[in-house]
Amino acid sequence: MFFDVRTDNPGMSVSSQISSPSSPPGPAVGGSSRFFWQWWRKQSPNQQDRYATLGPLVSVLLFLAAIISAFWYLRNEELEREQESVKRDTEVVQQQIRLRMIESQEQLLRLAREISTKTVNPEQFLQQASDFVRARPEVIGVAWSQADESVKVAHSAMNLYLPAPQGLSLDPYAMSSPYDPLKDPQAPQSAFRMARERSQPVYSQPYVNAMAVRVIQIQVPLINSTGFIGTLSAEYSVEALMRYMVPREIATRHAMSLVRPSGEVLTSTVNTDAEGSARPTFVHEVVVTPVGNGLILRGMGFRTSSNLIGNTLFWMVVALSALTVWMLVGTLRHMRRRTEIQKTLVQETNFRRAMENSMLTGMRTIDLEGRITYVNPAFCAMTGFAEEELLGCVPPYPYWPKERLDEFNRMFQQELLGRSPMGGVEVVMRRRDGSQFDARMYVSPLIDAQGDQTGWMTSVTNITEAKRVRDQLTAAHERFTTVLEGLDAAVSVMSVHRSELLFANRSYRLWFGANPGAHSELTGGKFDPADLTDADESVDNFGGLPTQELTDAGVDAREIYMESTQKWFDVRARYIQWTDGHLAQMLIATDITARRQAEEASARQAEKAQFTSRMITMGEMASTVAHELNQPLAAISNYCSGMVSRVQSGNIDNETLVGALEKTARQAQRAGQIIHRIRQFVKRSEPQRQPARARDIVEAVLDLAGFEMRRRRVTLNSTIGSRLPMLSVDPILIEQVLLNLLKNAAEAIDSAQMPQSRRHVDLRVQQRKIEDQGQVIEFTVTDAGPGMKDEMLSRLFEAFHSSKAEGLGIGLSLCRSIIESHHGRIGAENIYNGDTVLGCRFTFTLPVDSSGTDDFSDTGASPSNDLLAETP
């Protein structure tokens, strides 16, 4: 037999295999094994026996080496665990003392503020101090000292302090025993002076007070508007701190002591005299905060295990004996399983990293001391800082705004204490470039696999845009509410299924108060669901009403007279879906009492003027027909007279006769069109507009005006602009206006018997742009007559007002009505040369057709048409 030792991996266990020298090597044997078998066959039998004898010895030596190594490893591991346990227990006790001291300090600060503001008198102070001392067994006394270090009033748990007379000193050794190293008479005075100088709470060095108790003292300054007025002090018993602040389970495991920096033990959870010469195996020291000033908490551990070696050897022998058989199989399976787990872990890690990199929410992790241990790319992109710049940072963090450090420090302390709001907190964070953005932070504890908290995980979301939208919506809601409150109409919304008034503006409350019955009365009663029988979609869960059909039904308008207010209201109501999704009815009621009264008065006046209105209309109709038909009838008469004369003289052929008859027929048709248009215009109906060219209108008028001009020996000069745009007008009515202006100009010249040099009328048509009308076509009729008086010009376009003795006074009035119905303007003015009147000018404008095109037939030079007077 022989012993084959193989170590495949330095970190793996040693495996041993006993086999026969005659056993052939298996197929899995490597090159070194084949070399060993070749060497073994070359040895003599004696040498083989010697080697076989040395095999068990080597096995035992290796076994002992394994046991010693395992024992040494377990011993070191136990020591490390014990050291870690001492450290953890020491830090837990430190945390207990720190939290207790901070809580007591906050209570003292509150009491100090009340003393400074004079809201607490000495009697009330004694009551609050008694409650404070009773709730804290480690506190043995509370004193109120004045600025000169004299005690004004004090309370002690041992009833040694009473309200002190003025001038009592802070010195606790006025009646103390001889000198003791801890009896430092300057400790409380030094803390008093430091509190006065720093204006903040100060803890004293440990000392022995007058009652031979080792204590530490806190001095809280009292400050009001005049400055420093004294301190509020409290004495903590060092022994009581250890007795009440060290948990029982920790005291049973390890010894805890409070010591000075020099190593002097102030108090301990164990009897130091009973320990004798025994020295602690493990020691861990931490500074007691917020006391500071050299007060140190020392945790000590002692070795108590006496059966470790026997148990360890027993279990090591059993374990090595049992594991030797299946070590190789277990190792192989372990390696395969480890490889699979490693692949799974890599995939999971890559998946989590990809998920973190794709998130828009910033993630930050800090340990229990506030040091940043992890940030994801979203957090770096949000703040502008690189990951290397943030890892390891401690407060104040670089992304804290400098002007908000105090606020962030308070929030950070709350975060470390686990008091962050569950719904998150809104903060303002700073980017690397100095810009700021709004964010919401959510904090949760970070728990490891063992269930212990290792830090805090914080998620940060950029809410700048959401907050901006929210602020805009809030501002818009306020503006909308202000508008509703400022309306003169009553606006109300009432729930359909609860008959509850959901909203009422100022006017509604002024007229009806908060009474929902007024809403129902204005709408004519409550809604009846039976009114809609075929509504089967989108039904209000509470009211059972078809919301879709009701909200799409439109507005219900009615006029209601309210007896309670003696007012008429124009009521408009419709159904809407309220903010909670339920059906509601909105109502707008406008006070129309004044309008109704005006309408009733107008109706009475209309009844009185009905007869007069009919008579005026009849007279206007008859006068207009007589005035406007005179021109086409005169033309018909002239055509007929000319044809009769030429027929009698035999100086006319059939073609000429037919042409004259066609012109006569057109004039008759024109007279009929005039009657039809005037009748329609008198009815106040819209003219029949159509696209028309200014040139066609002018040419049609020139044919009719020529007769009047020749009869009165007046020359007519016309100028029409080129490329004029189209007009959207009634050509017949515009021709009537233009013809009326030309005829009046000729009559004015003939009536004044002007000389031949001034017997002419100029017609000009051109395109212009007027500021308040835009692009227009301007028609101008200028005569060289005597002009008109100023008072005549001011009343020129009034109905039944004429400057001619035989005039009816409706021509120019009708012209103005026609032009204004086409959205144009008409006016008249005298032409002066100094103080001499040279004539009169009539001008009217018509807007161009915006949908039409330019009149491209008007090309070349501006045309001119002169009608010269003939001798009758």
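Only a predicted model underlies this, so the values are computations on that prediction, with no experimental measurement involved.

Colleague: Describe the overall build of the chain, naming the residues involved and giving the relevant values.
Modeller: When its secondary structure is counted, the chain shows 21 helices and 30 strands. Counting every position in the chain, which comprises 872 residues, the buried fraction comes to 36%. When contacts within the chain are restricted to residue pairs at least 6 apart in sequence, long-range pairs at least 24 apart make up 57% of them. Total accessible area computed for the chain in this model is approximately 50,400 Å², and 53% of it derives from carbon and sulfur atoms.

Colleague: Lay out the confidence of the model for the chain in plain terms, naming residues and giving numbers.
Modeller: One rule of thumb: low pLDDT means the predicted coordinates there are not for detailed reading. Per-residue confidence for the chain gives a mean pLDDT of 77; residues scoring 70 or more make up 74%. Every residue in residues 159-181 scores below 50 in pLDDT, and together they form 41 contacts with partners more than four places removed in sequence or on other chains. Confidence over residues 859-865 falls short of pLDDT 50; this stretch has 14 contacts with residues more than four positions distant or in other chains.

Colleague: Explain the sheet that holds strand β14 (residues 372-375) to me, and be specific about the residues and the numbers.
Modeller: Across the sheet, which stays open at both edges, the five strands sit in the order β14-β13-β17-β16-β15 with antiparallel pairing between neighbours. Taken across any chain shown, the strands that pair with only one partner, and hence form the sheet edges, are β14 and β15 (425-430). For this sheet, the mean inter-axis angle between neighbouring strands, taken without regard to orientation, is 35 degrees. Alignment of β15 against strand β16 (residues 436-447), held across six bridges, turns out to be antiparallel. Looking at β16, one finds that Val425 is bridged to Met441. Lying on the sheet, helix α12 (residues 464-486) is in contact with β15, β16 and β17 (453-462); it crosses β16 at an angle near 120 degrees.

Colleague: Can you break down helix α14 (residues 516-523) residue by residue, with the values?
Modeller: Ala518, His519, Ser520, Leu522 and Thr523 are the residues of α14 that are buried. By the N-cap criterion, in which a side-chain oxygen at the helix start approaches the backbone nitrogen of a residue two or three places on, α14 is capped by Asn515, the distance to Gly517 being 3.0 Å. Phi for Gly524, located one or two positions after α14, is positive at around 85 degrees.

Colleague: Quick one: what's the story with the pairing of strand β7 (residues 214-224), residue by residue and with numbers?
Modeller: Burial analysis of β7 places eight of its 11 residues in the buried class, the great majority of the element. Inspection of the sheet shows strand β5 (residues 202-203) paired to β7 by two bridges, in the antiparallel sense. Residue Tyr203 lies in a different strand from β7, and its bridge partner there is Ile218. In this structure, strand β6 (residues 207-208) lies alongside β7, joined through two bridges in antiparallel fashion. From the neighbouring strand, Tyr207 faces β7, where its bridge partner is Val215. Between β6 and β7, which pair antiparallel in sequence order, lie five residues; one of them, Ala212, sits at a positive phi of approximately 60 degrees. As judged from the 10 bridges shared by β7 and strand β8 (residues 227-237), these two strands associate in the antiparallel manner. Along β8, the bridge assignment pairs Val215 with Ser237. Between β7 and β8, which pair antiparallel one after the other, the connecting turn spans two residues.

Colleague: Could you give me a rundown of the nonpolar core, with the residues and numbers involved?
Modeller: One finds Leu738, Leu742, Val761, Val765, Phe779 and Phe844 to be the most contacted residues of the largest nonpolar core, which totals 44 residues. Only α18 (694-711), β24 (715-720), β25 (727-729), α19 (731-751), β26 (760-770), β27 (774-783), α21 (811-821) and β29 (836-847) provide two or more residues apiece to this core. Of the residues forming this core, the biggest block, 10 residues, is contributed by α19.

Colleague: I'd like a rundown of a nonpolar patch on the surface, residues and numbers included.
Modeller: Side chains of Trp72, Tyr73 and Leu74 sit close together on the surface and give an oily, nonpolar patch of about 360 Å² of accessible area. By the secondary structure assignment, Trp72 is in helix α2 (residues 45-116). With a relative accessible area of 55%, Trp72 lands in the exposed category.

Colleague: Talk me through the environment of Asp591; I want residue IDs and the actual numbers.
Modeller: Mapping Asp591 onto the fold places it in strand β22 (residues 583-591). According to the relative accessible area criterion, Asp591 is partly exposed, its value standing at 31%. Considered as a pair, Asp591 and Ile560 are 31 residues apart in the sequence and their alpha carbons are 9.8 Å apart. When residues no more than four places from it in sequence are discounted, the contact partners of Asp591 are Trp511, Lys567, Trp568 and Phe569.

Colleague: Give me the lowdown on helix α3 (residues 122-135), citing residues and values where you can.
Modeller: Its 14 residues give α3 an end-to-end C-alpha distance of 20 Å, which sits within 8% of 20 Å, the value for a rise of 1.5 Å per residue. Turning to α3, its buried residues are Phe125, Ala129, Ser130, Phe132 and Val133. Angularly, the buried residues of α3 cover 165 degrees about the axis, an arc narrow enough to put them on a single face. Turned more than 90 degrees from where α3 packs its buried face, Glu123 and Arg134 sit exposed.

Colleague: Talk me through the sheet that holds strand β11 (residues 282-287); I want residue IDs and the actual numbers.
Modeller: Pairing in this open sheet of four strands is antiparallel, and the strands run β10-β9-β12-β11 from one edge to the other. The open sheet has two free edges, formed respectively by β10 (265-268) and β11, since each of these has just one partner strand. Averaged over all neighbouring strand pairs, the angle between strand axes comes to 25 degrees, with direction disregarded. Across five bridges, the pairing between strand β9 (residues 255-259) and strand β12 (residues 296-301) is antiparallel. Following the sheet pairing, Ala255 is matched in β12 by Met300.

Colleague: Any chance you could break down the pattern of salt bridges for me, citing the residues and the numbers?
Modeller: Throughout the structure, instances matching the rule amount to 32 salt bridges. The partner of Arg404 in a salt bridge is Glu407, and the shortest N-O contact between them spans 3.2 Å. On the basis of relative accessibility, which here comes to 29%, the residue Arg404 falls in the partly exposed class. Put simply, Arg712, Lys743, Glu747, Asp750 and Arg759 are held in one network by salt bridges that share partners.

Colleague: Requested: an account of the pairing of β26, with residues and values cited.
Modeller: Pairing between β24 and β26: six bridges, direction parallel. Note that in β26 the partner of Thr715 across the bridge is His760. Taking the residues that link successive antiparallel strands as the turn, the β26-β27 hairpin has three residues.

The rules we used
- Residues numbered from 1 in each chain as written.
- Predicted model: local features only at pLDDT ≥ 70, side-chain atom pairs only at ≥ 80, totals over all residues.
- Heavy atoms only, no water.
- Helix = DSSP H or I, 4+ residues; strand = E, 2+ residues; numbered from the N terminus.
- Buried < 20%, exposed > 50% of the residue type's maximum accessible area, 1.4 Å probe, protein only.
- Contact = heavy atoms within 4.5 Å.
- Areas by Shrake-Rupley, 256 points an atom, 1.4 Å probe, with all protein chains shown as cover.
- pLDDT = per-residue confidence, 0-100.
- Pairing = 2+ DSSP bridges.
- Axes fitted to C-alpha atoms, helices over the stretch in contact; angles between N-to-C directions.
- Polar contact = N/O pair within 3.5 Å; in protein donor to acceptor, adjacent residues only side chain to side chain.
- Core = buried A, V, L, I, M, F, W, Y, C linked by side-chain atoms within 4.5 Å.
- Patch = residues over 30% accessible without salt bridge, like charges linked within 9 Å, V, L, I, M, F, W, Y side chains within 5 Å.
- Salt bridge = Lys/Arg side-chain N within 4 Å of Asp/Glu carboxyl O.
- Expected span 1.5 Å × (residues − 1).
- Arc of directions from axis to C-beta.

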